Each structure stands twice: as structure tokens, then as C-alpha cells.
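Listed here are the chains, written in short residue letters.
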Amino acid sequence: MSMCFLNNHREKASADEVTVAVDAALEVGYRHIDTAFMYQNEEAIGKTLKKWFDSGRIKREDVFIVTKLPPKGNRAASVEKYLTKSLEALQLSYVDLYLVHAPVGLQEEGEELWPVDETGTLRIDPETDLISLWKGMEAQVDAGRTRAIGLSNFNASQISRIVKSARIHPANLQVELNVFFQQRELVAFCKALNITVCAYAPMGSPGLINTLKARGLDVPECVRCEPLKDPVVCRIAESHHKTAAQVLLRHCMQRGIIVIPKSVNPDRIKENFQVFDFELSKDDVEALDALDKRSKGRRFTMGAFKGFDKHHEYPYADPY
């Protein structure tokens, strides 16, 4: 099942909202749950999963659960600690996939998720070593805490370095991907390496505009252009008697890409699942393919976090 429930840190939901959303997702039929230490919702997800497991309605092996190592844990010696914290919160003995959330490493300072100095600049870790970090990830597979390991927000050059030295191959890459930012070179690169690709923000993260405004930040042009409102997307949706969101999800899926639409609204969660009863035509696909803005369509560059782009492993300097 190449869809899941995603609740992310960009628009943080309350524990009650997460519980309602996970309940709704599992009821509809979702069996892929994506979370992360950084999202601060693992405990709520864990309580809901335990309720379902204890009831006998689903078994642990029926659900594919993904979580991620926080940037402040980007060193081999810290991987076990943060995965153990995630497992305790999720009330699980293992996850199916553990991802390095981002290649940029941060200093580890208490409970701060985004440690900053007195100027509000991120305290980056200049000693971040991705190859050493990957060895720490491999050790978690050996220990049985995760079945597979992968990457998130890495570029092709960084992935290549990991693959060349890996004892356990990266199973998956999770990146921003939607009709305006189709990541075709990166997807082809991963396919050649037998790495599956998972798209976050497959509908363009429509709530991003409000998030940026709430933080007092400028809204760049690439964010103002919303895939859900694009005339081509809306025309194709109308022709199939579907929503724009369903068309955007289906477009990714027909490319063989896993999609993780974020929602805490039970009606939208159900709607996002209703994408298996139609298929985009060749003409539809060509029209949607033509909407690709390439690098100009990228919406998430971590620009809201001062200093992120000063790290030597900042991933978005690479064209793909």
C-alpha cells in the first residue's frame, strides 16, 4: 500500500488530533505510518497503535512504521539513543524503516530540537561525518531495532557516498516531491541504485503559506503557486470526477513513487485513500509532467532556520 498517514512538525498537531487522525487512517485502510523524533507526536501515535494491536483488529506486522533520527543525533554514537527514545514513545520493539532525517548535523544541547546561539543561528556540528553516521545506522539493523534504514533530504552526491561505503544498502529516500517539483533526475538516480523514493508534500503542502506568515517570514513565489489550484490539475480532476488532491497523488503513484499526504482531517484522510479506482491517461500524465518547475519548484529549503545552509552537508546546493 503506497500511501500513509503523515503528521509533520511544520504544522504541529495536538496529541488529540494525532489520535483522531491515526484512528481514522487505520479505519480506512492505511497501513504505513510516517513519523519522526522531530515531529514530537510519536507518543500519541504509539498509544493509538497499542490500542489497535491490543484489540486484535490489526497485528504489528500488518503496519509499516517509519521514524527518523533527528539532526542533533547525526553522529554514530547518538543513533541508538534516539532510536531507543522513539521506540519507547511508539511502544514498539522495532520500526520497519529508520531514516536519517537530514544530512545536516546539529550540536546536541539538552532537549532543544533546534539548538541556536544568542543570535538565533543554528548551532551546526562541523564534525558531521555521514559515512561514520551510516555505520551507526547499520548497527541498529544488526541489533533488531529497525528492519531497514534509509535517508531523507539527501542529494545524489551524498547518497552516492553512502552507497559506496555501505554494508547495508539504503532502502529508501524520502524527499520533497510534487507536480511542480518532480525530482526526475534524483528519482532516476535512486531507481538505478534500487532505492525506493517516498514523496513528502506530494500536494505541495498547502498549509505552508500560513505557517510562514505566522512566523513573520516572507512567502516566496514558489510557495504562492499551489499545485492544488493549478488549472491543469483542476481540469484533469474534473474530467475524472476526482479532487485535485487525488490527481496529484495519483500522478506520483503512477511514477512508482510512494506518497505520504499529511492530514489530521478524517474526511481528507479518507479522500486521500480513494485513489485506486481511477488511472490517469497518457495525455493527463503528459500535461502534468509539463508542470514541472524543476529546482524553482522546491518549497522546503530550511530557509526558516538561520545557519542551516552554512553546514558543509547542506543538501540543496547540489542541483539534484
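Refer to the structure printed above.
Here the residue index of a chain counts from 1 through its sequence in written order. Side-chain atom pairs in this predicted model are given and counted only at pLDDT of 80 or more, local residue features only at pLDDT of at least 70, and totals for whole chains, interfaces and linings cover all residues. Where side-chain values are given, they derive from all heavy atoms of the structure, hydrogens and water being excluded.

A. Region of interest: the packing of helix H5 (residues 156–165) against helix H6 (residues 184–192). With their axes 11 Å apart at the nearest point, H5 and H6 run at an angle of 10° to one another. Taken together, the axes of H5 and H6 lie roughly parallel to each other. Across the interface between the two elements, Ala-156, Ile-159 and Ser-160 from H5 touch Leu-186, Phe-189 and Cys-190 from H6. In this classification, the charged set is Asp, Glu, Lys and Arg, the nonpolar set is Ala, Val, Leu, Ile, Met, Phe, Trp, Tyr, Cys and Pro, and all remaining amino acids, among them Gly, are polar. Here the residues of the contact of H5 with H6 are counted per class, giving five nonpolar, one polar and no charged. Only C-alpha atoms enter the line fits that serve as axes; for helices the fit covers just the stretch in contact. Angles between N-to-C directions range over 0 to 180 degrees. What counts as a helix is a DSSP run of H or I of at least four residues, what counts as a strand is a run of E of at least two, and both are numbered from the N terminus. Working rule for angles: under 35 degrees goes down as roughly parallel, over 145 as roughly antiparallel, 65 to 115 as roughly perpendicular, anything else as oblique. Should any heavy atoms of two residues lie within 4.5 Å, those residues are considered in contact.

B. Structural context of H6. The classification of residues rests on relative accessible area computed with a 1.4 Å probe and restricted to protein chains. Under 20% of the type maximum is buried, over 50% is exposed, and intermediate values are partly exposed. Taken together, the buried positions of H6 are Leu-186, Val-187 and Cys-190. Down the axis of H6, the buried set is contained in an arc of 100°. They therefore lie on one face. More than 90 degrees from the buried face of H6, the exposed residues found are Lys-191 and Ala-192. Where H6 is buried, its residues contact H5, strand E6 (172–176) and strand E7 (196–200). Phi turns positive, to about 60°, at Asn-194, one or two residues after H6. Note: the arc covers the axis-to-C-beta directions of the helix.

C. Structural context of the packing of helix H1 (residues 15–28) against helix H2 (residues 42–55). Closest axis-to-axis distance for the H1/H2 pair is 9 Å, and the angle between their directions is 40°. By the angle between their axes, H1 is oblique relative to H2. Where H1 crosses over H2, the handedness of that crossing is right-handed. Between H1 and H2, the residues in contact are Ala-15, Val-18, Thr-19, Val-22, Asp-23, Leu-26 and Glu-27 and Ala-44, Ile-45, Thr-48, Leu-49, Lys-51 and Trp-52, respectively. The class makeup of the residues in the contact of H1 with H2 is eight nonpolar, two polar and three charged. Left-handed describes a crossing whose near helix is turned anticlockwise from the far helix through less than a right angle; right-handed describes the clockwise counterpart.

D. Molecular detail of the pattern of salt bridges. Salt bridges are identified by distance alone: a Lys or Arg side-chain nitrogen within 4 Å of an Asp or Glu carboxyl oxygen. As enumerated under the stated definition, the model contains 19 salt bridges in all. Here Glu-138 ties to Lys-135 by a salt bridge, and the two come within 3.9 Å at their closest N and O atoms. Linking Glu-138 with Lys-135, this pair stays in helix H4 (residues 130–142), spanning three residues, or about one helical turn. By relative accessible area, which is 1% here, Glu-138 ends up buried. Several salt bridges converge on common partners, so that one network encompasses Arg-75, Lys-81, Glu-108 and Asp-125.

E. Geometry of helix H10 (residues 244–253). Burial of H10 is extensive: ten of the ten residues sit out of reach of the surface. Among all positions in H10, only Ala-244, Ala-245, Gln-246, Val-247, Leu-248, Leu-249, Arg-250, His-251, Cys-252 and Met-253 are buried. Turning to H10, the residues buried within the fold contact H6, helix H9 (231–240), strand E8 (258–260), helix H11 (266–273) and helix H12 (282–289).

Everything listed here is a matter of geometry and, on its own, says nothing about what the molecule does.
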